Protein chains: 2
Amino acid sequence: MIKRFKAILAAFAVLMVMHSAYGDEATAPVSALSAEDFSKAKALFFNRCAGCHGTTRKGATGPNITDENLKKKGYTAEVAEAFITNGTPGGMPSFGGDFSEADIDILANFLMQPPPIPPEMSLEEMTDSWKLIIPEAQRPKKPEHTKNWKNFFGIVLRDAGKVAILDGDTKEVVNIVDTGFAVHILRSSASGRYFYSIGRDGKATMIDLWMAKPDKVAEVKTCQEARSIDSSKYKGKKGNFEDKLAIIGCYWPPHFVIIDGQTLEPKKVVSTRAYAYDSGEYLNESRVAAIIAAHKEPEWFINLKEAGFIWAIDYSDMKNLQVTMIETERYMHDGGWDATHRYIQMAANMKNKMVVVDSETKKQIAQVETGQKPHPGRGANWVDPEFGPVTATPHLGEATMVAWGSDPKWHPKNAWKVVRKFATLGGGGLFVKTHPKASHIWVDHTLNPDDKIKRSICAYEKAKPTAKGKCWEVADHGRVTHFEYNQAGTEVWVAVWDQVGELVIYDDKTLKEIKRIKADWLRTPTGHFNVYNTMTDTY
Amino acid sequence: MIKRFKAILAAFAVLMVMHSAYGDEATAPVSALSAEDFSKAKALFFNRCAGCHGTTRKGATGPNITDENLKKKGYTAEVAEAFITNGTPGGMPSFGGDFSEADIDILANFLMQPPPIPPEMSLEEMTDSWKLIIPEAQRPKKPEHTKNWKNFFGIVLRDAGKVAILDGDTKEVVNIVDTGFAVHILRSSASGRYFYSIGRDGKATMIDLWMAKPDKVAEVKTCQEARSIDSSKYKGKKGNFEDKLAIIGCYWPPHFVIIDGQTLEPKKVVSTRAYAYDSGEYLNESRVAAIIAAHKEPEWFINLKEAGFIWAIDYSDMKNLQVTMIETERYMHDGGWDATHRYIQMAANMKNKMVVVDSETKKQIAQVETGQKPHPGRGANWVDPEFGPVTATPHLGEATMVAWGSDPKWHPKNAWKVVRKFATLGGGGLFVKTHPKASHIWVDHTLNPDDKIKRSICAYEKAKPTAKGKCWEVADHGRVTHFEYNQAGTEVWVAVWDQVGELVIYDDKTLKEIKRIKADWLRTPTGHFNVYNTMTDTY
């Protein structure tokens, strides 16, 4: 109750400042920023705000906050400051703890000025940035170690600009690899041998896990800003594409880039600038937020966040790329497969929906209204004792984790209908996870404004699902985020995300803590990815 | 000889001015234009220059003439004036006769300033412009006249902003329809009942030929600038799309728009902004220059001029549009089918090539080097006595019409190889035409700088092809352009394009003039389209 009250108080604070803003302050002049402050604000915005509000601030997961729109609403820099500091109950995180007051001040002033537009990027520039550190011929022909590399974990150390490779069997550090600025996610190549990382600054790297000391073998920068990368996973009648290609989805410039899966050499760039599927308005900022790689066809499914499309890209003929532009919903964010790898389930989180695309027919077949701003990560698939196979998402904007039927073949009555609602401790949930062999489903509250809640996770029993899970605080510092299972599906890893940083490993059956990793190198851990689960899309 | 000498003289004039420009005039200040002159120059550029040089002047069929590039080359406004006045032997028309000296002066000055960028256009704005003049329910259920409407001709009266409908049997005027500014082409719906027109200003109209007095039944504006329109022609297992849809290819904004074939209501807009297939550079101006409608599949083939792609668009599922992005060559211009309607043959005229795409496999299968700037219109298909089925194009930049083998199935040795070269009277050729039942192949020289040549046409015998055809002057005024056969393939219509305007009709067998139409309404006739030949893609 206290937590809810606090959130309501924060909202009131915002509303009160807003109220005063409708008075004579609304036309107060905007204070100019120095070049240094402008540049600092630009970097802050890029790192922490652009993801939800867009580089050109036209809105996506978060609302339109262009200077024009803010002024139209009568918002001043002071109002903006209140929003940034306190967040909103609707899903806007509070940055009061993370940012200094001075930083919030310049950021708010930055918002009152027209957004700077980042430059375009040609294939030639991408190629110029490409570094093949260890060519294929010089790489091992078989693993140079006897470790169980399919149970390795890649741990994103965001602010440190590194990825730690840990042995999932022994929990020991295998290597810490320099990847550069703010890695967003890792994906595994089809064979699992390579980890591909993508940074928020559009830089991709490739780590070879067969090396005695797994390390970076190539890097390339294909965007000014990015969030997604994946690999070609198809092997079949149309060819063997395992480890052959990779794709990077960019936020800016709005495009996707196909790169060589062995070297990261840029091969092809395709613009995703598009017209919104509903309003038919041209979007100069039409970003690729997530990519899902098909196993049964040589295809990637990417979403166009602002435009409300999922594009199916057939990569089997690179000179004659085939793109199916599937109308879905705005604004697309993240998502994943159902358990059979047939159905794409993607959050249109400003519409409080998950959209479902059948990868075989390449059509949207359903939309599931789940709650305020679903944020599934890749979601979680399990078999509910009553409703059969389901998929679930937590929410940014409400205290629920919701599961819907995702087996239209054998459970058509439940298909794409919400069948269970689980109570979480609050909004700000980013990730849910389980594993086919696991007993529990796990959920976080990473972006909750309340200190206790943002550090708490909940686990729910698969076999005997109850509305309330078992919840506890993982640490007394940072924000707790993201889950990953080991290959066997018996252990769950979760990160404590701050400058100190911890990795906590639980037994999935007993929910008991197995190990708590604290170390100097463990700065700002965010996502963590098990090779086997990532290469096979097991979630 | 005299004509060639004149062309060479004109070229020398240009080169001499260029030479002096490399001296101290190169840095002469640019004289500012008044708002009125700027607006006039903008309109002139849009109407007569943008087609080849691009709205943003980055070049396509003509070279890059951005102010930056002109200044880099040391060109002054005076040099630009010389080019505009005299043209070049490489294919730039001379505008000395058409434009006043004052107009050339302001146009040249306009070129020394940064190009104004036209606005974007949303589906909503397109819908706002849509006028359904006669709804489907109020249209005739069968033809309200006994005329042979499949042998009607639509005659574009460019500067008059009208389309004349003539009866091909009687040569009488059926009606003169207000279509608005500078219609570029007409296309027939699959049934032939409707003529769709597209204006350079992006306005499309639809004429119902079944009405007692055929007239405009709908109009819509989907672009600021356009060149192409076509209809859905497929009827088969995947549905009956005859007369159901149409597509407009825009120059600006760079996109295509799918509209209702019965009402012109805008249904869908897709951006064609793209990266150049070769350099991988982002093109904000990536225009659709030509569209070819498939008969055997529910598909349109459009080209992306600057980017060097042909896109195959499957329109059978409008919510899940499938686009195959076929790499070909830059810069794409115009083209058409082979005789079997399987192969797309499109000019990449800055590369002096025709590219060939197999519409079944959706791959480029050949490139044919034909000569300096091929400009086929839709080309001409016939059976050569020695080489079998061939297709031909004239050239903007040289005095030839060239034919290549286009029957890989039965004449694989000749396929996509130049097998015949015909001498024309000079460059500036825009169109070639024949008909399966015709005896001759006809070619024009519309953009030739020489008065006699631009008014002359040549005809070549199909059965006994000779390098030199029979050539003659059609009129002593205007530019002579474009051919169309009647439905039976026995008569050839050609236009004398100027403010007086004539339509001259020849007997295809004897080459004798049958009729010469002169009339008050016949102002600036350019293209003319026979219903049957257009609906069936007979050329």
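Please read all numbers here as calculations on a predicted model, not as lab measurements. Starting afresh in each chain, residues are numbered from 1 along the sequence in its written order. All chains are assigned letters beginning with A, and all ligands numbers beginning with 1, in the order in which they are written. The predicted origin of the model limits local features to residues at a pLDDT of at least 70 and limits the giving and counting of side-chain atom pairs to 80 or more, whereas totals for whole chains, interfaces and linings rest on all residues. The basis for every side-chain value is the complete set of heavy atoms in the structure, and neither hydrogens nor water enter the calculation.

Draft legend 1. Seen up close, the packing of aromatic side chains. The criterion for an aromatic pair is that two Phe, Tyr or Trp rings (for Trp, the six-membered ring) have centres within 6.5 Å, with stacked assigned to planes under 30 degrees apart, edge-to-face to planes over 60 apart and tilted to the rest. Using the criterion set out here, one finds 36 aromatic pairs over all chains in the structure. Seen from their ring centres, Tyr234(B) and Phe241(B) are 6.5 Å apart, and the 40 degrees between their planes marks the pair as tilted. Each member of the pair Tyr234(B) and Phe241(B) is classed as buried. In textbook terms, an aromatic cluster arises when at least three aromatic residues are bridged by ring pairs, as seen for Tyr234(A), Phe241(A), Trp300(A) and Tyr315(A). A ring is considered to have a charge above it if a Lys NZ or an Arg CZ atom is located within 6 Å of its centre and within 35 degrees of its normal. In this structure, Arg57(A) packs its charged tip against the face of Phe110(A), placed 4.5 Å from the ring centre. A cation over a ring is seen here: Arg287(B) above Tyr251(B), with NZ or CZ 4.2 Å from the ring centre. Partly exposed describes any residue whose relative accessible area lies between the buried limit of under 20% and the exposed limit of over 50%, with all areas from a 1.4 Å probe on protein chains only and scaled to the type maximum.

Draft legend 2. Focus on the nonpolar core. Throughout this description, the term nonpolar core refers to a set of buried Ala, Val, Leu, Ile, Met, Phe, Trp, Tyr and Cys residues connected via side-chain atoms within 4.5 Å. The biggest cluster of nonpolar side chains holds 84 residues, and the ones touching the most others in it are Ile165(A), Phe195(A), Ile248(A), Ile165(B), Phe195(B) and Ile248(B). We call two residues in contact whenever any of their non-hydrogen atoms come within 4.5 Å of each other. Setting aside residues no more than four positions away along its own chain, Phe195(A) makes contact with Phe153(A), Gly154(A), Ile165(A), Leu186(A), Arg187(A), Ser188(A), Thr205(A), Met206(A), Ile207(A), Leu209(A), Phe529(A) and Val531(A). Counting 48 residues, the second largest nonpolar core, distinct from the first, contains Val270(A), Ile302(A), Ala293(B) and Trp300(B).

Draft legend 3. Fine view of the side chain of Ser286(B). Residue and element names in this part refer to chain B. Think of it this way: any DSSP run of H or I at least four residues long counts as a helix, any run of E at least two long counts as a strand, and we number them from the N terminus. Following the sequence through the fold, Ser286 ends up in the loop between β16 (282-283) and β17 (288-293). For the purposes of these results, a polar contact is taken to be a pair of N or O atoms within 3.5 Å, where, inside protein, one atom must be able to donate a hydrogen and its partner to accept one; residues adjacent in sequence count only when each atom of the pair is a side-chain atom. In this structure the side chain of Ser286 is engaged in a polar contact, spanning 2.7 Å, whose partner is the backbone oxygen of Thr272. Discounting chain neighbours no more than four positions away, the residues touching Ser286 are Pro254, Thr272, Arg273, Ala274, Leu304, Glu306 and Ala307.

Draft legend 4. Fine view of the side chain of Glu327(B). Tracing the sequence through the fold places Glu327(B) in strand β20 (residues 320-327). Take Glu327(B): its relative accessible area is 13%, and that puts it in the buried class. Among the polar contacts listed, one links the side chain of Glu327(B) to the side chain of Lys268(A), at a separation of 2.6 Å. Non-local contacts of Glu327(B), meaning those with residues more than four positions away in its chain, are made with Lys268(A), Met318(A), Lys319(A), Asn320(A), Tyr277(B), Gly308(B), Phe309(B) and Gln364(B).

Draft legend 5. Just the domain arrangement of chain A, in detail. Residues and elements named next belong to chain A. Under the domain assignment, chain A is made up of domain 1 (2-111) and domain 2 (121-147 + 179-327). Counting residues at the interface gives 13 residues for domain 1 and 12 residues for domain 2. The salt bridge criterion pairs a side-chain nitrogen of Lys or Arg with a carboxyl oxygen of Asp or Glu, the two atoms within 4 Å. At the surface where domain 1 touches domain 2, the tally comes to 0 salt bridges. The tally of links from domain 1 across to domain 2 stands at 6 residue pairs in polar contact (both at pLDDT 80 or more). For this classification, Asp, Glu, Lys and Arg are treated as charged, while Ala, Val, Leu, Ile, Met, Phe, Trp, Tyr, Cys and Pro are nonpolar and the rest, including Gly, are polar. Partitioning the side of domain 1 that touches domain 2 into residue classes produces 4 nonpolar, 8 polar and 1 charged. Throughout, the edges of the domains are those of an automatic or database domain assignment.

Draft legend 6. Spotlight on unusual backbone geometry. The omega torsion across Trp252(A) and Pro253(A) is -15 degrees, close enough to zero to call that bond cis. With respect to the secondary-structure elements, Pro253(A) resides in the loop between β12 (245-252) and β13 (255-260). Backbone torsion omega between Arg330(B) and Tyr331(B) reads -15 degrees, so that peptide bond is classified as cis. A positive phi angle is found at Trp416(A), which is not glycine, with a value near 60 degrees. You can see Trp416(A) is positioned in the loop between β27 (400-405) and β28 (418-423). Look at Trp416(A) and you get buried, because its relative accessible area is 11%. Phi is positive for Lys171(B), which is not a glycine, with a value near 65 degrees. Here Lys171(B) lies in the loop between β3 (162-167) and β4 (173-178).

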